[in-house]
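Coordinates in review
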Amino acid sequence: MKIKAVVHYTVYTLIMAATMKSSLVWAEDGANAPKLQAITVTGTGQTPLVLPSLGAGTGATIPNSSFDLFQSPGGTNVYSIVSGLPSVMVQTTDPYGLSSGGPVGISIRGETSIKGAIGTVDGIPISAIDPGAGQQFLFDSENLRSVTLLTPPFAPEHISVFTQEGYLNRNIRWAADHFGGEVSQSAGSFGFHKTFMRLDSGLLPTGTKFFISSSYAHADAWRGNGAAPDYRYNGTLGVTQQITRRLTAKLFAVYDDMKGASYLPLTYAQASNLGANYNLGYDSNPQSLNYSGYNQQKFQDYALMGEIRWRTSSHGTLLIKPFYNQENGYTMGTGLPGVKPNQIGYWSINHHLYGVLAKYDFHYAQTKFSLGYWYENIQPPGPPTAVKAFNIAPDGLRFSNWTPLLVNPVSNNVFNSPYFQAKRAFGPVTVTAGVRYLMEQIPTLSVYNGSGVGDVSPGQAVRDAAFKYTINGHTDYQWLPYIGAVYRFTPHVSLTAAYSRDNGGPALEMWPKLVLSGMPVSAAQNAWNTTRPGTSNAFSLGLAITHTRWYLRPDVFYTTYDHKDIPINVPGTSAFYNQNLGVGKAWGLEIQGAVQPLDDLQIFGSAAYDRAYFTQDIPDGQTILPVSGLQFPDVPKFLATLGLRYRYHRFTVSPLIQYTGLRYADSLHTQPVPAYCITNLNFAYHQPLRHVGELTARLQFLNLFNRHYIGLISQNYVQTGASAATFYPGAPLTVVGSLALRF
């Protein structure tokens, strides 16, 4: 009831604010209808749908005005916003991108990340390595100005926890200079509804401006029982303060609370017979292991981010960005590490991260220099530290025991990374070069014997348990250089070339399997010592052709990989653990472009051929897996997107077609996953309201032709077998309508 009262009060406040603004405008002599925030347009006609990256880097920026073309209607999944770019494959377990009860994956040029660690916000790497909801669900897209994706190689100033997959940045929509706001309501298939509200203060006499927003979302699971999410509450505050003419400070605070049922992962045999298993999900029987109430996730996240920008002189600017994130929650279900097949596992996920990003930009001798430093401290889990098991009883779940995964972090995942960068033009050639030095600390973890310990908090369990042993972490060091050049033939045609060395994820997935394997401590320590960041060397060569009404960006790339994270068999057992032993290459051709043949018609598309493969066979501890030359698991060779936006007076129609080629779920290519093509169709109607703002109505059809296909393939901590991948069907036809008022 309190939540309903808050929502009702907020709606009332925003309606009154809109009415007040209308009254003020009417009172002005000769005043015209208020205008929306200005949007930069290149050429004539509509706002560009996709803005290709400038300089030698490859990638693009998606402006807020194009989010509806690509993103999941839940408005939180940033991966889906960039899904139309070349070599990008995005999969979710639900149609709305709101389910935290399962992995959310993105693959870029054959490098797959389900850990969320490539995500940044206004350049801040506020992203845990894994495993909770984290930054992937923390931000409403209505509060974003744009989203940028850069694919390697890119300059050192673009910081993220891992750079091997790419750089994915949310650009915050800070408070506007004028008073205004936004109210929207969405509803759709499978009981989905979302309410979003935002109010901008405008620039106050104190030099302050702020925005505040809140949202609520719910959706039923599209297959099986339960809701995904049962609820998601979000509150956000952004403040900008002009302190002096040269000094500005910003604060961004966000809180998110969500709970939802998981989606049942399928085995390969089930996925191969998708007609019979497409709607298979968790059930409503409390006496079943597959009861949706026993297979769920719940998380509370909050984050604080600051920014201090000081123009020290006409040639220099100092930027300092501190940040903090706390996550509390749990994952429940079968298949958790250390839990017996007839039990329900409960994985406590309570951790935090904090750090600071500092940069000083200055000009000297016609050259722009950047000096920066990144520090971040990430507390486990990631890897798992606390899992307990429950038995099913007539009255529900009954605590059974703590699994061997009862762990206390002695030290955390810690990143220290200074960097240097310089940029200068030499006639038609602009060169950017730099280097980043990365110091990455792998955590030290102490293992405890939880036998006889009761159903208490993880901290209390560690205090009550007997110490067993400690596995010591270590620190790895890497030089990550970059050089890029742009040769401008004409004002419209440029040749680009770049190289960078990038870092990937250490094989932290090995941790639960090391603890559960029963191997001697010395052997486990030796295995943990092999954990190190993956590395890659990325090269790109391309053309950037831009005109008033069209652009074309073809690129070729070549990348080598060392120390890839791969599963290894424990000698003499059926258990697997991960190590950084994989070696591979990737090369391919990408093309993206857009054309505006008429003022009211835009056509855009992208296509990619990606060849990403192992260059050495893999030792699995007992034999050699003959994988050399085989495409990486879950990496299609062909990806393509084609769409358009046509505007007729106040109506807009936007069809979008996305093709994903054949993939293999395993390294030996014994588990093929068929190609598929998905069509989405969006309609919109824009109605200006005199002296108020603009009303927008939308109708979206996702998977218009109801294609049944396998979307996400997952290999993570939660598995149905020792090392098997699990499979999630893509969502069926989904219809969503929304109504939004911006004033």
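Source: prediction; values computed, not measured.

Focus: the overall build of the protein chain
- Along the backbone of the protein chain there are eight helices and 40 strands.
- The buried share of the protein chain, reckoned over its 743 residues, is 55%.

Re the sheet that holds strand β4 (residues 105–108)
- Pairing is antiparallel in the open sheet, where three strands are placed in the order β3-β4-β5. Each edge of the sheet is formed by a strand with only one pairing partner; in this case those strands are β3 (88–91) and β5 (111–113). This sheet shows a mean twist of 15 degrees between the axes of neighbouring strands, independent of strand direction.
- Inspection of the sheet shows β4 paired to β5 by three bridges, in the antiparallel sense. From the neighbouring strand, Ser 107 faces β5, where its bridge partner is Thr 112.

As for the confidence of the model for the protein chain
- Summing up the model confidence of the protein chain, the mean pLDDT is 88 and the portion of residues at 70 or higher is 89%.
- Within the model, pLDDT remains below 50 along residues 1–44, and this stretch shows 51 contacts once partners closer than five positions in the same chain are excluded.

Section: the sheet that holds strand β8 (residues 167–172)
- Here we have five strands laid out as an open sheet, ordered β1-β2-β7-β8-β6, and mixed in their pairing. Each end of this open sheet is capped by a strand with a single partner; those strands are β1 (51–52) and β6 (119–121).
- Relative to β8, β6 runs parallel, the two sharing three bridges. Residue Val 121 lies in a different strand from β8, and its bridge partner there is Arg 170.

Observations regarding the packing of aromatic side chains
- This model, assessed by the stated rule, comprises 36 aromatic pairs.
- An angle of 50 degrees between the planes, with centres 5.7 Å apart, marks the rings of Trp 587 and Tyr 609 as tilted. Here the residue Trp 587 occupies a position in strand β28 (residues 576–598), and Tyr 609 occupies one in strand β29 (residues 601–614), the gap between them amounting to 22 residues.
- Site record: aromatic cluster; members linked through ring pairs are Phe 139, Trp 174, Phe 211 and Phe 252.
- Sitting over the face of the ring of Phe 557, Arg 109 holds its NZ or CZ atom 4.2 Å from the ring centroid.
- The ring of Phe 211 has Arg 198 lying over it, and the distance from NZ or CZ to the ring centre is 3.8 Å.

What about the nonpolar core?
- In this structure, Phe 252, Met 305, Trp 374, Trp 511 and Trp 528 are the most contacted members of the largest nonpolar core, which totals 51 residues.
- Formed by 24 residues, the second largest nonpolar core is a distinct cluster that contains Ile 106, Ile 118, Leu 149 and Leu 168.

Quick notes on the side chain of Asn 680
- Note on placement: Asn 680 falls in strand β36 (residues 676–689).
- Residue classification places Asn 680 among the buried residues on the basis of a relative accessible area of 14%.
- Not counting residues within four places of it along the chain, the set of residues in contact with Asn 680 comprises Ser 654, Pro 655, Leu 656, Phe 701, Leu 702 and Asn 703.

Quick look at the pairing of strand β21 (residues 429–441)
- Pairing between strand β20 (residues 413–426) and β21: 11 bridges, direction antiparallel. Bridge pairing in β21 places Asn 416 opposite Met 439.
- Counted along the chain from β20 to the antiparallel partner β21, the turn is two residues long, and its residue Gly 427 has a positive phi close to 65 degrees.

Observations regarding the side chain of Lys 194
- Structurally, Lys 194 is set in strand β10 (residues 192–200).
- Among the polar contacts listed, one links the side chain of Lys 194 to the backbone oxygen of Gly 74, at a separation of 2.9 Å.
- In this structure the side chain of Lys 194 is engaged in a polar contact, spanning 3.0 Å, whose partner is the side chain of Asp 140.

Re the pattern of salt bridges
- Going through the model one piece at a time under the given rule, you end up with 23 salt bridges.
- Of the charged contacts in the structure, one is a salt bridge between Lys 564 and Glu 111, with a shortest N-O distance of 3.1 Å. Taken together, the residues Lys 564 in strand β27 (residues 550–569) and Glu 111 in strand β5 connect sequence positions 453 residues apart. Like Glu 111, Lys 564 is buried.
- One salt bridge in this structure joins Asp 257 and Lys 298, with 3.7 Å as the shortest N-O distance. Linking Asp 257 in strand β13 (residues 247–261) with Lys 298 in strand β14 (residues 296–313), this pair joins segments that are 41 residues apart in sequence.
- With a relative accessible area of 12%, Asp 257 lands in the buried category.

Digging into unusual backbone geometry
- In this model, Ala 228 is joined to Pro 229 through a cis peptide bond whose omega is 5 degrees.
- Among the secondary structure elements, Pro 229 is positioned in the loop between β11 (208–218) and β12 (231–242).
- Phi at Asn 706 takes a positive value of approximately 55 degrees, unusual for a residue other than glycine.
- If you trace the backbone, Asn 706 turns up in the loop between β37 (693–702) and β38 (710–714).
- Judged by relative accessible area, Asn 706 falls into the partly exposed class, the value being 36%.

Considerations on the environment of Asp 68
- Locating Asp 68 in the fold gives a position in helix α2 (residues 67–70).
- Sequence separation between Asp 68 and Asn 682 is 614 residues; the distance between their C-alpha atoms is 8.0 Å.
- There is a polar contact of 3.3 Å between the side chain of Asp 68 and the side chain of Arg 698.

Concerning the environment of Ala 227
- Mapped onto the secondary structure, Ala 227 falls in the loop between β11 and β12.
- When its relative accessible area of 12% is taken as the criterion, Ala 227 is described as buried.
- Spatially, the C-alpha atom of Ala 227 lies 9.4 Å from that of Gln 296, the residues being 69 residues apart in sequence.
- Apart from residues no more than four positions distant in its own chain, Ala 227 is found in contact with His 218, Ala 219, Asp 220, Ala 221, Gly 260 and Ala 261.

About the criteria used
- Sequence order as written defines residue numbering, which begins from 1 separately in each chain.
- Note on the predicted model: pLDDT of at least 70 is required for a residue's local features to be given, and 80 or more for side-chain atom pairs to be given and counted; whole-chain, interface and lining totals, by contrast, use all residues.
- To obtain the side-chain values, all non-hydrogen atoms of the structure were used and water was disregarded.
- For the purposes of this entry, the term helix denotes a DSSP run of H or I that reaches at least four residues, the term strand denotes a run of E that reaches at least two, and both are numbered from the N terminus.
- Relative accessibility decides the category of a residue: with a 1.4 Å probe and only protein chains considered, values under 20% of the type maximum give buried, values over 50% give exposed, and everything between is partly exposed.
- Should DSSP find at least two bridges between two strands, the strands are regarded as paired.
- Throughout, an axis means a line fitted to C-alpha atoms (over the contacting stretch in the case of helices), and angles, computed between N-to-C directions, take values from 0 to 180 degrees.
- Each residue gets a pLDDT score, which is the predictor's confidence in that residue and runs from 0 to 100.
- Only heavy atoms matter for contacts: two residues are in contact if any of them lie within 4.5 Å across the pair.
- Only Phe, Tyr and Trp rings are paired, with Trp represented by its six-membered ring, and only when their centres lie within 6.5 Å; those with planes under 30 degrees apart are stacked, over 60 edge-to-face, the remainder tilted.
- Any Lys NZ or Arg CZ that is within 6 Å of a ring centre and within 35 degrees of that ring's normal is treated as a charge sitting over the ring.
- The definition of a nonpolar core used throughout is a set of buried Ala, Val, Leu, Ile, Met, Phe, Trp, Tyr and Cys residues joined through side-chain atoms within 4.5 Å.
- Counted as a polar contact is a pair of N or O atoms within 3.5 Å, where, for protein atoms, one must be capable of donating a hydrogen and the other of accepting one, and residues adjacent in sequence contribute only when both atoms are in side chains.
- By salt bridge we mean one thing: a side-chain nitrogen of Lys or Arg within 4 Å of a carboxyl oxygen of Asp or Glu.

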